Structures are given as C-alpha cells and as structure tokens.
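# An overview of the molecular structure
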Amino acid sequence: MAETQVVHALAPAAASDDESAFEALYRTHAKRIYSLAYRFAGNAAEAEDLLQEIFLQAYRKLGGFRRESALGTWLHRLAVNRCLDHVRSRAARQDAVTEPLGPDHPPDRAGTGPITHLDLERAIAQLPDACRMAFVLHDVEGYEHREVAKRLGIATGTSKSQVHKARLRLRRLLRRP
Amino acid sequence: MSRNYHAPASGPACERHADALAALVDDTLDPRDRGPLDEHLAGCAACRDLLADLREIRSLAATLEPIEPPARAWHDVRRRIAAEDQPLGPRVEWLGWWSFGRAAVAAAAAMAAAILVIGPAYLALPPSSDTPDHASRAAAAALEAIEGSHAAAIREVEQRIGTGVPIPAPARDVLTRNLALVDDAIAESRSAVEADPRAAIARERLQAGLARKLTLLRTMAALELEGG
Ligand SMILES: [Zn+2]
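In what follows, the accompanying structure is described. Here the structure is a predicted model, which is why all the values come from computation and not from measurement.

## Some points on the overall build of chain A
- From N to C terminus, chain A includes eight helices and zero strands.
- If you list the helices and strands of chain A from N to C, you get α-α-α-α-α-α-α-α.
- Classification of the 177 residues of chain A by burial places 51% in the buried group.
- Contacts in chain A between residues far apart in sequence, at least 24 positions, make up 68% of those at least 6 positions apart.
- Accessible surface, chain A: about 8,000 Å² in total, of which carbon and sulfur atoms supply 52%.

Put into structure tokens, the structure is as follows:
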C-alpha cells in the first residue's frame with residue numbers, strides 16, 4: 001500500500017470509528033425498536049420519528065449506561081419509555097378535541113381464509129391505547145405481566161385484564177364475515 | 001376464528017369461569033382451578049371456541065415478524081447526531097470502550113493529519129548507520145514494546161468472540177469491514193516500524209491501529225454478549 005493510500009484508508013476509518021460502533025448498535029436493534037414503535041403508535045410515520053428520537057436519546061445518554069445492565073435491555077427500556085410517553089401525550093392532545101373511542105370499526109378483513117399476520121397488525125392498530133400497549137408488551141414482545149405492569153406503571157392485575165380485553169377485542173375485529 | 005362466535009359465552013356458568021379461562025390462555029392458571037374449568041369446557045362449545053380463538057390470537061401475536069425500518073432512518077439519525085455532536089462533550093463509560101474508542105480516534109486523526117503534512121518524505125527513510133543485526137534487534141524491541149501491551153488484550157477478546165449470540169448480519173458486516181481496514185493499516189505500519197524502528201510516526205500509527213482493533217473487537221464481544 002502506498003503512503004497516500006494508507007492516509008486515505010486511515011482517515012475515513014478514523015473519522016467514523018465512534019460512529020461505526022454506534023452504527024453497529026443501530027443495525028442490531030433498529031428493527032426490534034421500530035417494530036415496537038410501530039405497534040405502539042399504530043402508524044409508520046410516528047414510528048420512524050420515534051425510532052430516530054430513541055437512538056438520539058441513546059446516543060446522548062450513553063454516558064449514563066452502566067456496565068451491569070446489558071446494553072440491549074437498557075436500550076429497549078429506553079425505547080418502551082419513549083413510546084409510552086408518546087402514546088400518552090398523543091392521547092392527552094386528542095382527548096382535548098375528540099370524543100372518547102367509539103365502538104370498534106367493522107372488520108375489514110377480506111375473505112374467509114386463516115387470519116394472517118397482516119390482519120393482526122391492522123387489528124392491533126385499532127385497539128384502544130391502554131390495552132394495545134399491554135398487549136404488545138405481553139403477547140408480542142413476550143414480557144411477563146409483572147414487567148408489563150412495571151413498564152406501564154399499572155398493577156399486575158390490571159396488566160392481565162388489559163391484555164385479556166385486548167385479545168377479546170381482537171377476536172371481534174378478526175371475526176370472519 | 002370460530003364460526004360459533006355469535007353464540008356469546010355469556011351464561012352465568014361462563015361468567016364464573018371467565019377469569020380462569022383468561023388465565024389458561026396466559027398459562028398462569030392454578031392447577032387446582034383447572035378441573036372445574038375443564039368440566040365447564042366439556043359441556044360448553046362457546047367457551048371452547050373462545051379459548052381456541054384467544055390462543056390463536058396469542059400465538060399469532062408471538063410470531064409477528066419484526067418490521068424493517070426505512071433505510072433513510074439511519075442516515076437521518078447520523079445527520080442529527082453530527083449536527084449536535086459538538087456541544088455534547090465526551091461521553092464516557094460505555095462499557096469502558098466507548099471512551100477508549102474516542103481516544104483512539106483522536107490519536108489516529110492527529111496522526112493521519114501529520115502523515116498528510118509530511119507526505120512522501122516520510123517514506124524516504126534516512127540511511128541507517130546500524131549494522132543489519134543491530135537494526136533487526138532494534139526493530140524487534142520496538143515492535144515488542146508497542147504490540148506487547150495490546151497483544152494479550154486482543155487475544156483475550158478474540159477468544160470470547162464467537163462464543164455468544166451471533167451478531168446480526170448488517171452489524172457484523174459494518175464491524176468486519178472496519179476490522180479489515182484496521183488490519184491493513186496495522187500491517188502497513190508494522191512494516192514501516194520494521195524498516196525504521198526509530199520512526200515515531202510509524203510507531204504511533206501501529207499503536208493507534210492496535211488500539212482501534214481492540215475497540216472493534218470489544219464492540220463485537222459486547223454485542224454478542226447482550227445478544228441483540
Ligand atoms: Zn361457557
């Protein structure tokens with residue numbers, strides 16, 4: 001390698017060393033966090049904003065990260081908190097101007113075949129906030145009720161009843177025509 | 001989803017077993033409550049359908065695929081980080097190696113600038129007055145002084161890599177790409193030190209290359225450890 005090539009090889013790597021570590025972190029976790037944001041927010045535009053904000057916040061807070069908690073767990077907790085704040089403040093804004101949630105939309109599932117993942121994604125987006133968040137954390141993300149309760153700041157029994165309520169509601173939304 | 005949905009499970013007996021049924025779907029039903037529920041289910045088609053449907057929903061939810069974010073999201077994150085990076089000051093203590101990485105970056109960047117200024121003159125090594133034997137011993141000592149401090153740490157991390165949860169392909173590719181770059185730079189500066197053990201720039205560059213290699217290896221080990 002000629003000297004000039006060395007400089008060229010070294011300089012971009014030097015400028016991006018810190019960034020490449022952070023990019024690796026992003027590549028590892030972005031999909032899972034985006035999915036969480038998408039299912040919490042119920043749409044792609046808000047999910048993308050949330051994803052960006054979560055990683056910016058992570059970047060700012062990395063100094064506060066403690067070795068004893070695994071990085072993925074730390075990042076996921078940060079993501080859940082941010083998504084939760086988002087949904088709650090959105091609800092607060094909407095409550096000020098709109099009616100409370102009405103009855104479920106009529107099922108928009110076409111055909112009589114088996115329920116697909118896409119059907120379920122659409123139905124989840126129609127759930128009321130509180131039971132949607134509990135359902136996503138418990139049934140999709142696989143948290144225990146105890147952990148769901150802690151994340152959402154509710155009682156364990158409330159988590160159980162919210163998740164059950166969500167499943168009953170999904171059943172109605174997904175019923176065959 | 002069951003055809004019997006329109007026969008709602010709402011008899012008084014169904015109501016009495018509603019909590020147990022919800023717990024059964026959750027796999028949290030106390031085994032002692034299982035008997036009475038089973039008895040009810042045996043005689044109630046509506047509750048059997050309800051149970052089957054709720055279990056189907058739960059199992060579908062557990063197998064939902066992760067959703068791919070748009071590719072532009074990373075570029076936007078990077079742009080926003082760059083825009084606000086200055087006032088942030090140094091971040092420390094990310095697994096210990098985050099700050100280590102930054103120090104290596106600063107050293108390597110300073111060095112790259114120095115090489116740019118010195119240019120090809122650096123390669124025109126001054127003729128050595130040493131005997132060949134003395135020169136090679138000096139080179140070996142110089143390499144030992146620089147590499148010795150990193151060799152053990154690099155070996156230790158290399159042994160840990162591959163024992164944890166495999167890193168997802170996109171992250172692994174970024175890291176492997178950088179690792180290959182760093183290995184090239186290390187090899188290059190190593191030959192420069194061998195050629196002239198007194199060349200401070202070559203020694204510093206080897207030092208920084210090894211430090212960066214350690215940073216990248218630690219990144220890999222940390223990502224494996226926490227398993228995505
Ligand atoms: Zn019944």
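## Observations regarding the coordination of the zinc ion
All names here are of chain B.
- Taken together, Cys 14 (SG), His 40 (NE2), Cys 44 (SG) and Cys 47 (SG) make up the protein donors of the zinc ion, found 2.1 to 2.3 Å from the metal.
- Read from N- to C-terminus, the donor residues coordinating the zinc ion fall into the pattern C-x25-H-x3-C-x2-C. Grouping residues by exposure puts His 40 and Cys 44 together as buried.

## Some remarks on the packing of helix α6 (residues 129-140) of chain A against helix α3 (residues 45-62) of chain B
- Two elements in contact, α6 of chain A and α3 of chain B, have axes whose closest approach is 8 Å; the angle formed by their N-to-C orientations is 75 degrees. If you check the angle between α6 of chain A and α3 of chain B, you find them roughly perpendicular. Residues Phe 135, His 138, Asp 139 and Val 140 of chain A of α6 of chain A pack against Ile 57, Arg 58, Ala 61 and Ala 62 of chain B of α3 of chain B.
- When the residues that make up the contact of α6 of chain A with α3 of chain B are grouped by side-chain class, the tally is five nonpolar, one polar and two charged.

## Points about the packing of helix α7 (residues 145-152) of chain A against helix α8 (residues 156-173) of chain A
Residue and element names in this part refer to chain A.
- Contact pair α7 / α8: the axes reach a minimum separation of 8 Å and the direction vectors enclose 100 degrees. By the angle between their directions, the pair α7 and α8 is classed as roughly perpendicular. Each of His 145, Arg 146, Val 148 and Ala 149 in α7 lies in contact with α8, whose residues at this interface are Thr 156, Ser 159, Lys 160 and Val 163.
- Each residue belonging to the contact of α7 with α8 can be placed in one class, and the counts come to three nonpolar, three polar and two charged.

## Description of the packing of aromatic side chains
- A complete count under the given rule lists six aromatic pairs over all chains for this structure.
- Relative to Trp 74 of chain B, the ring of Phe 22 of chain A has its centre 6.3 Å away and its plane inclined at 35 degrees; by these criteria the two rings are tilted. In this pair, Phe 22 of chain A sits in helix α2 (residues 17-41) while Trp 74 of chain B sits in helix α4 (residues 72-88), so the two residues belong to two different chains.
- Given a relative accessible area of 1%, Trp 74 of chain B falls into the buried group.
- Where Tyr 26 of chain A meets Trp 74 of chain B, the ring centres are 4.9 Å apart and the plane angle is 45 degrees; that geometry is what we call tilted. Of the two residues, Tyr 26 of chain A sits in helix α2 while Trp 74 of chain B sits in helix α4, which places them in two different chains.
- What makes Tyr 26 of chain A buried here is its relative accessible area of 3%.
- Among the aromatic residues, those joined into a ring-pair cluster are Phe 22, Tyr 26, Phe 55 and Tyr 59 of chain A together with Trp 74 of chain B.

## Focus: the nonpolar core
- Phe 22, Phe 40, Phe 55, Phe 135 and Leu 170 of chain A are the most contacted members of the largest nonpolar core, which has 81 residues in total.
- Residue contributions to this core peak at 11 residues, all from α2 of chain A.
- Contact partners of Phe 135 of chain A, with chain neighbours within four places excluded, come to Ile 124, Leu 127, Val 140, Val 163, Ala 166, Arg 167 and Leu 170 of chain A together with Ile 57 and Ala 61 of chain B.
- Residues Cys 14, Ala 20, Cys 44 and Ala 46 of chain B belong to the second largest nonpolar core, which totals 15 residues.

Conventions used here
Residues numbered from 1 in each chain as written. Chains lettered and ligands numbered in written order. Predicted model: local features only at pLDDT ≥ 70, side-chain atom pairs only at ≥ 80, totals over all residues. Heavy atoms only, no water. Helix = DSSP H or I, 4+ residues; strand = E, 2+ residues; numbered from the N terminus. Buried < 20%, exposed > 50% of the residue type's maximum accessible area, 1.4 Å probe, protein only. Contact = heavy atoms within 4.5 Å. Areas by Shrake-Rupley, 256 points an atom, 1.4 Å probe, with all protein chains shown as cover. Donors = N, O, S within 2.8 Å, 3.2 Å for Na, K, Ca; no water. Axes fitted to C-alpha atoms, helices over the stretch in contact; angles between N-to-C directions. Parallel < 35°, antiparallel > 145°, perpendicular 65-115°, else oblique. Nonpolar A, V, L, I, M, F, W, Y, C, P; charged D, E, K, R; others polar. Phe/Tyr/Trp six-rings, centres within 6.5 Å; stacked < 30°, edge-to-face > 60°. Core = buried A, V, L, I, M, F, W, Y, C linked by side-chain atoms within 4.5 Å.

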